[in-house]
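# Residue-level structure breakdown
Letter by letter, the chains look like this.
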Amino acid sequence: KLKENNVVVTTKKEKTKLIGGYSPIGRCLQTSFSLVLGQMLSSKYQVLYLNFEAYSGFSHMMQKSFSMDMADLIYYFKNLSQDFPQQFYSAKQNMNGMDFIPPAFSYMDITKVLPEEWEAFLDTVASCGEYDCIILDLSEYVQGLYRILRNCSHIYTITRNDGMAIAKITHYENVLTELAYEDVIEKTRKCSFPIYRQLPIAAEDLLYSELADYTRKIIREDFQL
């Protein structure tokens with residue numbers, strides 16, 4: 001597979017954009033924003049959402065249990081590659097037109113995945129030619145985090161205006177610079193949200209929340225929707 005302008009090219013006509021969400025600040029609405037972004041993009045594009053948090057809370061948010069999750073898919077990818085396509089289609093779920101793979105129940109299962117394995121996994125999913133965009137809701141538990149961000153066409157970093165948040169963002173950017181990932185900083189869009197009194201617990205209801213109004217502005221600017 002070829003990579004062109006940080007976009008994974010899967011065929012002459014099909015390409016899949018990786019859209020990354022990552023912030024060093026905790027409890028910053030990164031996942032809520034990523035879910036709204038993915039559901040909105042799915043009105044025009046084929047979208048897959050992948051969550052890499054330690055404790056995603058998806059079962060609680062969606063009021064359902066999942067028989068397969070990201071950890072299961074990684075197992076098939078690494079050990080039973082011939083069964084991976086079938087297992088992938090069995091595992092994926094849909095929310096308001098957006099496909100997603102349930103996050104790993106135990107984050108320890110994803111911390112063991114090597115950077116090159118993540119890259120191969122994402123390339124394989126992209127190569128199916130089914131998705132225009134793969135949204136990556138990333139965390140520090142992913143080995144090769146900066147490498148994954150480098151391969152994203154868009155990166156969103158949620159920030160706040162308080163001193164601690166600014167200090168963490170500055171530290172994060174200093175690390176990127178020290179490790180020669182300035183290109184990640186250049187393609188990152190920083191987002192700061194107002195304080196919302198209450199957002200829906202159900203993930204599919206976020207599409208109709210105050211957060212969605214902010215997200216629509218980003219989509220209009222970045223994706224011409």
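See the structure above.
Here is a short report on the structure shown in this document.

The next subject is the overall build of the chain. Helix and strand counts for the chain come out as ten helices and nine strands. Against the globule reference of 17 Å for 225 residues, the chain gives a C-alpha radius of gyration of 17 Å, in line with a compact fold. Restricting to contacts in the chain with at least 6 residues of sequence separation, those with at least 24 account for 76%. Taken as a whole, the chain presents about 11500 Å² of accessible surface, with 49% of it coming from carbon and sulfur. Looking at the chain, you have 23 positive and 28 negative side-chain charges, and the mean spots of the two groups are 4 Å apart.

Turning next to the state of the cysteines. Throughout the structure, instances matching the rule amount to zero disulfides. You can see C152 has no disulfide; the closest cysteine sulfur is in C133, sitting 11 Å from it. The buried category is assigned to C152, whose relative accessible area is 0%.

Quick look at unusual backbone geometry now. Of note, the phi angle at R27 is positive, near 50 degrees, even though the residue is not glycine. Counting through the fold element by element, R27 comes out in the loop between β3 (15–21) and α1 (30–41).

In this section: the pattern of salt bridges. Under the counting rule described, the total for this entry stands at ten salt bridges. Put simply, K92 and E130 hold a salt bridge, and the shortest N to O gap is 2.8 Å. Of this pair, K92 sits in the loop between α4 (84–91) and β5 (93–95) while E130 sits in the loop between α6 (115–127) and β7 (133–137), and the two are 38 residues apart along the sequence. Where salt bridges share partners, they join K92, D99 and E130 into one cluster.

The full count for this structure, using the stated rule, is 19 aromatic pairs. Through successive ring pairs, a cluster of aromatic residues spans F52, F77, F84, F88, Y89, W118 and F121.

L50, M70, W118, F121 and L136 are the most contacted members of the largest nonpolar core, which totals 37 residues. Listed by contribution, the elements that provide at least two residues to this core are β4 (47–51), α3 (70–79), α4, α6, β7, α7 (145–150) and α8 (163–178). Among residues more than four places away in sequence, those in contact with F121 are L50, M70, L73, I74, F77 and F84. In terms of nonpolar packing, the next biggest core, distinct from the first, is built from 35 residues, L35, M62, A203 and L211 among them.

The subject of this paragraph is the environment of I219. Along the chain, I219 turns up in helix α10 (residues 210–223). On the accessibility criterion, I219 (4% relative accessible area) is buried. Taking the C-alpha atoms as reference, I219 lies 8.0 Å from M40; in sequence the two are 179 residues apart. Setting aside anything within four residues of it in sequence, one finds I219 in contact with L37, M40, L41, Q224 and L225.

On to the pairing of β4, then. Burial runs high along β4: five of the five residues are buried. Of the two faces of β4, both are covered, the one formed by V47, Y49 and N51 as well as the one formed by L48 and L50. Bridge analysis of β4 against β7 gives five bridges, and the strand direction is parallel. Looking across to β7, one finds that Y49 is bridged to I135. For β4 and strand β6 (residues 98–101), the ladder comprises three bridges, and the chain directions are parallel. Its bridge partner being in β6, Y49 is matched across the sheet by F100.

Cut-offs used in this document
- Numbers given to residues run from 1 along each chain, matching the order in which its sequence is written.
- In keeping with the model being predicted, local features are shown solely for residues with a pLDDT of at least 70 and side-chain atom pairs are shown and tallied solely at 80 or more, while totals for entire chains, interfaces and linings include all residues.
- Excluding hydrogens and water, the side-chain values take into account all heavy atoms of the structure.
- To qualify as a helix, a DSSP run of H or I must reach at least 4 residues; to qualify as a strand, a run of E must reach at least 2; elements of each kind are numbered from the N terminus.
- Each radius of gyration is computed over the set of C-alpha atoms, and the globule rule expresses the reference value as 2.2 Å times the number of residues to the power 0.38.
- We call two residues contacting when some pair of their heavy atoms lies within 4.5 Å.
- Here, Shrake-Rupley sampling with a 1.4 Å probe gives the accessible areas, and only protein chains in the shown set may cover a residue.
- Positive: Lys, Arg. Negative: Asp, Glu. His and the chain ends are not part of the count.
- Throughout, a charge is located at the NZ atom of Lys, the CZ atom of Arg, the CG atom of Asp or the CD atom of Glu.
- When two cysteine sulfur atoms lie within 2.5 Å, the pair is treated as a disulfide.
- Throughout, exposure labels follow a simple rule: accessible area from a 1.4 Å probe, protein chains only, divided by the maximum for the residue type, with under 20% read as buried, over 50% as exposed, and the rest as partly exposed.
- Salt bridges are defined by distance alone: a side-chain nitrogen of Lys or Arg within 4 Å of a carboxyl oxygen of Asp or Glu.
- Any Phe, Tyr or Trp ring, taking Trp's six-membered ring, that has another such ring centre within 6.5 Å forms a pair; planes under 30 degrees apart are called stacked, those over 60 apart edge-to-face, and the others tilted.
- Buried Ala, Val, Leu, Ile, Met, Phe, Trp, Tyr and Cys residues form a nonpolar core when they are joined through side-chain atoms within 4.5 Å.
- At least two bridges found by DSSP between two strands are what make those strands a pair.

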